[in-house]
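Tertiary structure, described
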Amino acid sequence: MSAVGEPATESLPRHIVFRTGGERFAVPLEAVREVVLPRPPFARVPRAGAGVRGAMNLRGRVVAVVEAAALLGVPRDALAPGAGHVLVLDAGRRGLGLLVAAVLGVDPVATPTAPRAPGALARGVAEVRGLPVTVIDEKALEEAAAALFRPQ
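One structure accompanies this document, and this report is about it. Values in this document were obtained by computation on a predicted structure and should not be read as measured data.

Let's talk about the pattern of salt bridges
All told, the structure shown has six salt bridges when counted by the stated rule. Salt-bridge contacts for Glu34 lead to Arg59; the nearest nitrogen and oxygen are separated by 2.5 Å. Placement of the pair is Glu34 in strand 3 (residues 32–36) and Arg59 in the loop between strand 4 (52–58) and strand 5 (61–67), with a sequence separation of 25 residues. For Glu34, a relative accessible area of 22% corresponds to the partly exposed category. Residue Arg59 is classed as exposed on the basis of its relative accessible area, which comes to 60%.

Below you can see the structure in the form of structure tokens.
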């Protein structure tokens with residue numbers, strides 16, 4: 001039972017909560033097709049930005065792997081090859097995966113409704129299991145990742 005004025009957690013949208021760069025983030029569950037383990041070595045992607053780890057084969061589908069830390073402006077995780085998780089985003093026909101240090105779970109999250117700057121990745125901060133989590137706008141995240149593949 002929730003307190004008066006607070007939404008019941010069952011009615012809140014579910015998010016995948018993950019850690020990267022020592023911080024916690026959440027992205028809507030419906031934006032993620034699946035979570036997989038990284039499958040290095042990654043194939044090099046010519047002329048891609050520094051945040052692109054490369055491409056991996058996922059059951060015959062090419063998935064470009066981008067470091068979430070590079071997009072979110074946090075320190076890069078020192079992950080051993082094959083460590084961490086890849087969040088495969090449901091970005092239409094594009095195969096796009098975000099390399100994160102760890103997936104912490106799927107939780108109901110109150111999506112912040114505060115206005116944000118155009119193109120900002122963060123919607124705001126919410127509390128999940130008593131800890132602050134930055135809630136990410138999945139469309140802005142996909143756009144920022146796609147920009148890493150455009151010629152500089």
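A look at empty space enclosed by the protein
In this approach a probe as big as a water molecule rolls over the atoms, and the regions it shows empty are the leftover space. Tallied over the full model, the rule gives one cavity of 30 Å³ or more. In this structure, the largest cavity spans a volume of roughly 50 Å³. Of the residues that constitute the lining of the largest cavity, the class distribution is three nonpolar, one polar and four charged.

Calculation rules
- Residues numbered from 1 in each chain as written.
- Predicted model: local features only at pLDDT ≥ 70, side-chain atom pairs only at ≥ 80, totals over all residues.
- Heavy atoms only, no water.
- Salt bridge = Lys/Arg side-chain N within 4 Å of Asp/Glu carboxyl O.
- Helix = DSSP H or I, 4+ residues; strand = E, 2+ residues; numbered from the N terminus.
- Buried < 20%, exposed > 50% of the residue type's maximum accessible area, 1.4 Å probe, protein only.
- 1 Å grid on protein atoms, 1.4 Å probe; cavity = no way out; pocket = protein on both sides within 12 Å on 5 of 7 lines; lining within 4 Å.
- Points joined across faces, edges and corners; volume = space filled by probe spheres on them.
- Nonpolar A, V, L, I, M, F, W, Y, C, P; charged D, E, K, R; others polar.

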